[in-house]
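So the chains spell out like this:
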Amino acid sequence: MEDRMEYDAQTNTGAREESLRMVSAAPIGNEPVSDEELRPHALEGFIGQPLLKAQLQLFLDAARKREVPPDHILLAGPPGLGKTTLAMIVANELNVPIRVTSGPAIQHAGDLASILSSLDSGEVLFIDEIHRLPRAAEELLYIAMEDFRVDVMVGKGPGATSIPLTLPRFTVIGATTREGMLPSPLRARFGFTAHLDFYPHEELEKLIERSAAVLGVNLGEGSAYEMAVRSRGTPRIANRLLRRVRDWAIVHDLDMVNPGDVKEALSLYQIDAEGLDRLDIAVLNAVVRQFNGGPVGLNTLSAMVGEESETVETVCEPYLVREGFLIRTPKGRVATEKAWSHLGLVPKDDVSKLF
């Protein structure tokens, strides 16, 4: 099995790795971020993030009692944890329309001015990946969020004049995976900032059971757990694995999906019991087998697995580091005892001496 994974690590290197991974938190192909059928429409139905839910519920209840649109909201956290879903829920809870756009989609300040000038009173403007807004659009958004106006330039050259356009009161919901990249003036204009954390297995089990009921998948006892432990703490990945298990059940005419069926279905996609896939195993094999546990530099490691260094650093390493398989040191990447054990090997040296 290990030899097979090593062989697979050396093949299929021409495609964009992030788009091929079943355990990537990014959408695959034309698959939506979260199917509308699986997305809850009320805060009560949102599974996980209990403290955030309590804070947001209080925030929205107060706005409703004051009968004014709530302050602007910033949702920060890794991809796939439910930022877009929460934005939709806020609009539903307030019973107002929502306008959806993204930072990369706004190329010029005029694009943002056009959107802002068409907003109705109380409407929600959701900007995904808000940290990728152009600088000119950010500065326009500062004024719009604080003073509810935009300055429209009429004419060109010395004769150009600025005409202030008053906007109705609205709520901006910004979502970002990199809060640190937001300029301080923009970050300061959000009245409520919510940080989403990775989900424990227990909450992912509940989420998978709910999604299975919506999709009509009959899960046996323990099946949801087998998917939850492979989902990297991310609801988007959990729902994606459930869809693939559903496909397996349909093809094999299964009335009920048992834990053994889940293991067999996901092993077809090379996802092991720890949620590691082909690329993860290839990285661990390179560090452990070729470099005796490390340390090894990023560029050397990337060349060994046949991927771009950015792919290894941003797509693969975060989970391996978070789960204790890999450690980043000034000298390079080092495999931990957990990594050796996962590969069925015994460290040749004391791993602690490498740090």
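On a predicted model such as this, the values are computed, not experimentally measured, just so you know. (Residues numbered from 1 in each chain as written. Predicted model: local features only at pLDDT ≥ 70, side-chain atom pairs only at ≥ 80, totals over all residues. Heavy atoms only, no water.)

Draft legend 1. Examining the UniProt feature "binding site: DNA" (unreviewed entry) in the chain more closely. In the numbering adopted here, UniProt assigns the feature "binding site: DNA" (unreviewed entry) to Arg328 and Arg333. Here arginine 328 lies in strand E8 (residues 326–329). Among residues more than four places away in sequence, those in contact with arginine 328 are Glu313, Glu317, Pro318, Val321 and Arg333. Polar side-chain contacts of arginine 328 include one of 2.8 Å to the side chain of glutamate 317. With respect to the helices and strands, the residue arginine 333 is situated in strand E9 (residues 332–335). Residues within four places of arginine 333 in sequence aside, it is in contact with Val287, Gly293, Gly294, Pro295, Val296, Leu298, Leu301, Glu313, Glu317, Leu326, Ile327 and Arg328. (UniProt positions renumbered as here; feature names shortened; annotations may be inferred. Helix = DSSP H or I, 4+ residues; strand = E, 2+ residues; numbered from the N terminus. Contact = heavy atoms within 4.5 Å. Polar contact = N/O pair within 3.5 Å; in protein donor to acceptor, adjacent residues only side chain to side chain.)

Draft legend 2. Spatial organisation of helix H12 (residues 278–290). Taking 1.5 Å per residue as the helical rise, H12 with its 13 residues ought to reach 18 Å, and the 17 Å between its terminal C-alpha atoms agrees with that figure. For H12, the buried fraction is high: 11 of the 13 residues fall into the buried class. Turning to H12, its buried residues number three or more, namely Arg278, Leu279, Asp280, Ile281, Ala282, Val283, Leu284, Asn285, Ala286, Val287 and Val288. Remark: asparagine 292 follows H12 within two positions and exhibits a positive phi of approximately 55°. (Expected span 1.5 Å × (residues − 1). Buried < 20%, exposed > 50% of the residue type's maximum accessible area, 1.4 Å probe, protein only.)

Draft legend 3. Just unusual backbone geometry, in detail. Within the chain, glutamate 129 stands out as a residue other than glycine whose phi angle is a positive 50°. Located in the positive-phi region is aspartate 253, a residue other than glycine, with phi close to 55°. Positionally, aspartate 253 belongs in the loop between helix H10 (235–251) and helix H11 (259–268).

Draft legend 4. Main features of the nonpolar core. Counting 47 residues, the largest nonpolar core has Leu56 and Leu219 as its most contacted members. The greatest single-element share of this core, amounting to 7 residues, is contributed by H10. Dropping the residues within four chain positions of it, leucine 219 is found in contact with Ile208, Ala212, Ala224, Met227, Leu242, Met256 and Val257. (Core = buried A, V, L, I, M, F, W, Y, C linked by side-chain atoms within 4.5 Å.)

Draft legend 5. Focus on the pairing of strand E1 (residues 73–76). Where burial is concerned, the two faces of E1 agree: the one with Ile73 and Leu75 and the one with Leu74 and Ala76 are both buried. Sheet analysis places E1 next to strand E6 (residues 171–176), joined by 4 bridges and oriented parallel. Opposite alanine 76, over in E6, you have threonine 176 as the bridge partner. Here 4 bridges tie E1 to strand E7 (residues 192–195), and the two strands are oriented parallel to one another. What sits directly across from isoleucine 73, in E7, is phenylalanine 192. (Pairing = 2+ DSSP bridges.)

Draft legend 6. Broad picture of helix H5 (residues 109–117). Residues of H5 that are buried: Leu112, Ala113, Ile115 and Leu116. Down the axis of H5, the sector holding all buried residues measures 165°, keeping them to one side. (Arc of directions from axis to C-beta.)

Draft legend 7. Structural context of the pattern of salt bridges. A complete count under the given rule lists 13 salt bridges for this structure. Put simply, arginine 189 and glutamate 146 hold a salt bridge, and the shortest N to O gap is 2.9 Å. Taken together, the residues arginine 189 in the loop between helix H7 (184–187) and E7 and glutamate 146 in helix H6 (residues 135–147) connect sequence positions 43 residues apart. Its relative accessible area of 25% is what places arginine 189 among the partly exposed residues. The partner of arginine 328 in a salt bridge is glutamate 317, with the nearest N and O atoms 2.8 Å apart. (Salt bridge = Lys/Arg side-chain N within 4 Å of Asp/Glu carboxyl O.)

Draft legend 8. Structural detail: the sheet that holds strand E3 (residues 124–128). The strand order E2-E3-E6-E1-E7 describes an open sheet built from 5 strands, whose pairing is parallel. The open sheet is flanked by strand E2 (98–102) and E7, the only strands paired with a single partner. Going across the sheet, the axis of each strand differs from the next one's by a mean of 15°, ignoring polarity. Of the pairings in the sheet, the one linking E2 to E3 comprises 5 bridges and is parallel in character. Bridge pairing in E3 links arginine 99 to leucine 125. Along the sheet, helix H3 (residues 50–66) makes contact with E1 and E7, crossing E7 at roughly 160°. (Axes fitted to C-alpha atoms, helices over the stretch in contact; angles between N-to-C directions.)

Draft legend 9. Focus on the environment of histidine 72. Residue placement: histidine 72 occurs in the loop between H3 and E1. Residue histidine 72 is classed as buried on the basis of its relative accessible area of 5%. In sequence terms histidine 72 and glutamate 146 are 74 residues apart; their C-alpha atoms lie 9.6 Å from each other. Apart from the residues lying within four places of it in its own chain, the contact partners of histidine 72 are Met145, Phe148, Phe170, Thr171, Val172, Arg189, Phe190, Gly191 and Phe192. A distance of 2.9 Å separates a polar side-chain atom of histidine 72 from the backbone oxygen of methionine 145.

Draft legend 10. Here's a closer look at the side chain of asparagine 239. In this structure, asparagine 239 sits in helix H10. On the accessibility criterion, asparagine 239 (7% relative accessible area) is buried. Only 2.7 Å separates the side chain of asparagine 239 from the side chain of serine 211, close enough to count as a polar contact. Leave out the neighbours within four places in its chain, and asparagine 239 touches Leu38, Leu207 and Ser211.

Draft legend 11. Seen up close, the environment of leucine 125. Relative to the assigned elements, leucine 125 resides in strand E3. Using a relative accessible area of 0% as the deciding quantity, one classes leucine 125 as buried. For the pair formed by leucine 125 and threonine 171, sequence separation is 46 residues and the distance between their alpha carbons is 6.2 Å. Not counting the four nearest positions on each side in its chain, leucine 125 is found in contact with Arg99, Thr101, Ile115, Leu116, Leu119, Thr171, Val172 and Ile173.

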